[in-house]
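Single-letter residue listing:
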Amino acid sequence: FIQNLQFEFNSADLTAADKGELDAVNAQIEAFRPLLRQNVAHMNVIGHTDSTGPEAYNQKLSERRAQAVAEYFAGEGQVPRETMRVSGKGEIEPIADNSTEAGRDQNRRVVIEIIKH
């Protein structure tokens, strides 16, 4: 499954609403938790940005966003850190039009994927 989180411009901070979304994702992960604990699956945590600003900066920002989500899951003790693969895609995989504010809002996100080996 994929769950998108939306970040404020130039931010990797999780809002209260983001944490609420992550708690909902935690509930969806429940079925996969035994597989994650047994290393039969892993969780990709992938950060994204809009296209505002330099590409190199956006790459690092996307990585910080993904790291913030991974730290939240690990800090809550819900997902073993060693089963998470954290990465950033920067601005290269938009899901919406970067020429509009609404589109840029959608592109500032983190995607969660559970991958079974």
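These remarks concern the structure in this document. (Residues numbered from 1 in each chain as written. Predicted model: local features only at pLDDT ≥ 70, side-chain atom pairs only at ≥ 80, totals over all residues. Heavy atoms only, no water.)

**Thoughts on the packing of aromatic side chains**
(1) Moving on: The tally for this structure, following the rule as stated, stands at 1 aromatic pair.
(2) Moving on: Geometrically, the ring pair formed by Y72 and F73 is edge-to-face, given 6.4 Å between the ring centres and 65° between the ring planes. We note that Y72, like F73, is buried. (Phe/Tyr/Trp six-rings, centres within 6.5 Å; stacked < 30°, edge-to-face > 60°. Buried < 20%, exposed > 50% of the residue type's maximum accessible area, 1.4 Å probe, protein only.)

**Here's the deal with the side chain of N26**
(1) Moving on: By the secondary structure assignment, N26 is in helix α1 (residues 16-29).
(2) Moving on: Those residues in contact with N26 that lie beyond four places of it in its chain are R33, F73, Q78 and V79. (Helix = DSSP H or I, 4+ residues; strand = E, 2+ residues; numbered from the N terminus. Contact = heavy atoms within 4.5 Å.)

**What to know about the pattern of salt bridges**
When the charged atoms of two side chains with opposite charge come close together, those side chains can pair.
(1) Moving on: Under the criterion given, the structure shown has 5 salt bridges.
(2) Moving on: Measuring nitrogen to oxygen at the nearest pair gives 3.1 Å for the salt bridge that ties R33 to E30.
(3) Moving on: Of the residues examined, E30 reaches a relative accessible area of 46% and is grouped as partly exposed.
(4) Moving on: K60 is the salt-bridge partner of E63, the closest N and O atoms lying 4.0 Å from each other. (Salt bridge = Lys/Arg side-chain N within 4 Å of Asp/Glu carboxyl O.)

Read these as layout, nothing more, since geometry by itself doesn't imply function.
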